[in-house]
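Now for the letters of each chain:
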Amino acid sequence: MRSPSHPLRLCMLWLACSALLIALLYQGGRAVLREALTEAVRAHLLLSLDESHFSSAQNRVNDGEALQRIGLQINRALRGVVRPDPWSLCRDCRVQLRSIDGVALAAAQDGPAPPGRIRFELPRNQLQREVELALGCSLNGTAALLVAALLGVQFLVIGWLLPPPLSRRHRRWINRLLGEGYSGQRAFELVSGLDAAQLRLNSAQRRCLELLHEPDAGNFASAMAVAGDARVAALAPGDIDWLVLGLARAPGDLDAALGLAAVRGPEVVLDLPRATLAIRGLPLAVGATPFFYYAWYALARLEGDGWLANPAANRPDRAAGQALAQLMSRYGGHGRAINDLEENGLRARTLDQNRSKLKDDLVAALGEELAAPYLFESSREGGQTRYRLRASAAQIRLLR
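The following paragraphs examine the structure supplied in this document. Since the structure is predicted, the reported quantities are computational estimates derived from the model, not experimental observations. (Residues numbered from 1 in each chain as written. Predicted model: local features only at pLDDT ≥ 70, side-chain atom pairs only at ≥ 80, totals over all residues. Heavy atoms only, no water.)

This part is about the packing of helix H9 (residues 240-249) against helix H10 (residues 254-261). Put simply, H9 and H10 touch, their axes get as near as 8 Å, and they point 145 degrees apart. Judged by the sense of rotation from one axis to the other, the crossing of H9 with H10 is right-handed. Contact with H9, carried on its side by Trp-242, Leu-243, Leu-245, Gly-246 and Leu-247, involves Leu-254, Ala-257, Leu-258, Leu-260 and Ala-261 of H10 and no other residues of that element. Across the contact of H9 with H10, the residue classes tally to 9 nonpolar, 1 polar and no charged. (Axes fitted to C-alpha atoms, helices over the stretch in contact; angles between N-to-C directions. Helix = DSSP H or I, 4+ residues; strand = E, 2+ residues; numbered from the N terminus. Left-handed = near helix turned anticlockwise from the far one by under 90°. Contact = heavy atoms within 4.5 Å. Nonpolar A, V, L, I, M, F, W, Y, C, P; charged D, E, K, R; others polar.)

Enumeration over the complete set of coordinates arrives at 6 aromatic pairs. When the ring of Trp-173 is compared with that of Phe-220, the centres are 5.9 Å apart and the planes differ by 50 degrees; the resulting orientation is tilted. A residue pair is termed long-range when its members are at least 10 positions apart, and Trp-173 in helix H4 (residues 168-179) and Phe-220 in helix H7 (residues 220-227) qualify at 47 residues. In this pair, the class of Trp-173 matches that of Phe-220, namely buried. Here Trp-296 and Tyr-297 contribute two aromatic rings whose centre-to-centre distance is 5.5 Å and whose plane-to-plane angle is 65 degrees, an arrangement assigned as edge-to-face. The same class applies to Trp-296 as to Tyr-297, namely buried. Here a set of aromatic residues connected by ring pairs shows up, and it is made of Tyr-294, Trp-296, Tyr-297 and Phe-376. (Phe/Tyr/Trp six-rings, centres within 6.5 Å; stacked < 30°, edge-to-face > 60°. Buried < 20%, exposed > 50% of the residue type's maximum accessible area, 1.4 Å probe, protein only.)

Right, let's talk about unusual backbone geometry for a bit. In this structure, Asn-125 takes a positive phi of about 50 degrees despite not being glycine. You will see that Arg-280, though not glycine, has its phi angle at about 55 degrees, which is positive. Its place among the elements puts Arg-280 in the loop between strand E6 (276-279) and strand E7 (282-284). Judged by relative accessible area, which is 7%, Arg-280 ranks as buried.

Right, let's talk about the environment of Tyr-387 for a bit. By secondary structure assignment, the location of Tyr-387 is in strand E10 (residues 384-389). With 11 residues separating them in the primary sequence, Tyr-387 and Phe-376 have C-alpha atoms 6.4 Å apart.

Another aspect to go through is the sheet that holds strand E1 (residues 90-100). Read across the open sheet, the 4 strands follow the order E2-E1-E4-E3; overall the sheet is antiparallel. Each of the sheet's edge strands pairs with one partner strand only, and the pair in question is strand E2 (103-104) and strand E3 (116-124). Sheet topology note: the E1/strand E4 (residues 127-139) ladder contains 8 bridges and is antiparallel. Residue pairing in the sheet places Cys-90 in a bridge with Leu-139 of E4. (Pairing = 2+ DSSP bridges.)

So this is what it looks like as structure tokens:
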């Protein structure tokens, strides 16, 4: 069963409409009573008041006592004469004849005058004489509650049957999906099921949606479900690419992807005994020999500024070759690579080849953009080209 859409908004609208409708019905009921009373009292006065009671001048009468006597009799007759229907919003109505042509008619025993005034004219002795009635009614609370309840039922039915109103943000998203090739019906179905808060994405969430949403695949709903997650909203925009990579490696495992995206602290972990490399906790497949070359550059980063000069093309660096061969021997490096370093030293071509292999492996695993911070940077000093890892010492951890 559907629940009413926007219940708070419907409730506020129901209260406002109920108050307005009750006020209109109450005033309408009073207007009907005013009209009926005016006609009834006018007809009665035409029969009761003789022309001789009035002077030929305005606001002057010939027999004020007779008018007061007649007014007292009429007021006695008017007590309780107005009895609205039980379902009317008016109840406990009081009526008084207050004056005729300026002569006050209500006596003290008639009580205070009701607040409403009704004025009409009565033709007597060739002049229009002003007659004033007073009418006061209280609100029928039971009828008012019944009106509000009936209106509330109508609002509930409307809330259940009608779709929620589309906000400006909803319309913008529908137009966006239409521009990306979705049909009008499909775009409406996808967007109308989300409330305005779910469609309010921050920069990280928008980046996530852009990377995950494939209009040709029609996967807006699943992409929005990920992008709209509060944990995604808490990520930095630069972490979103890692989130998407995690989802690509383990589809549907958002928790694991968030763990990859939210890594802080050492990001490059080299396990020398196992010859494994992990970046942000993600194991990467690299060759055994390129791994030790990466570890050699990582040691240089941890022990100093990290710069290692490439040997001259025709003059291998034998000292560096021995150091790298010892590192490989200690942790089970490839025998052929160790022998080459011990016999021939570290050659520029060998360094270039292993850096190139490392770049290929990292780019294949992470993509060019994500791999870039963990690859190499270069500079020239004294006519030689030197290289070091872009990752800082704080980002590197060696397990020995």
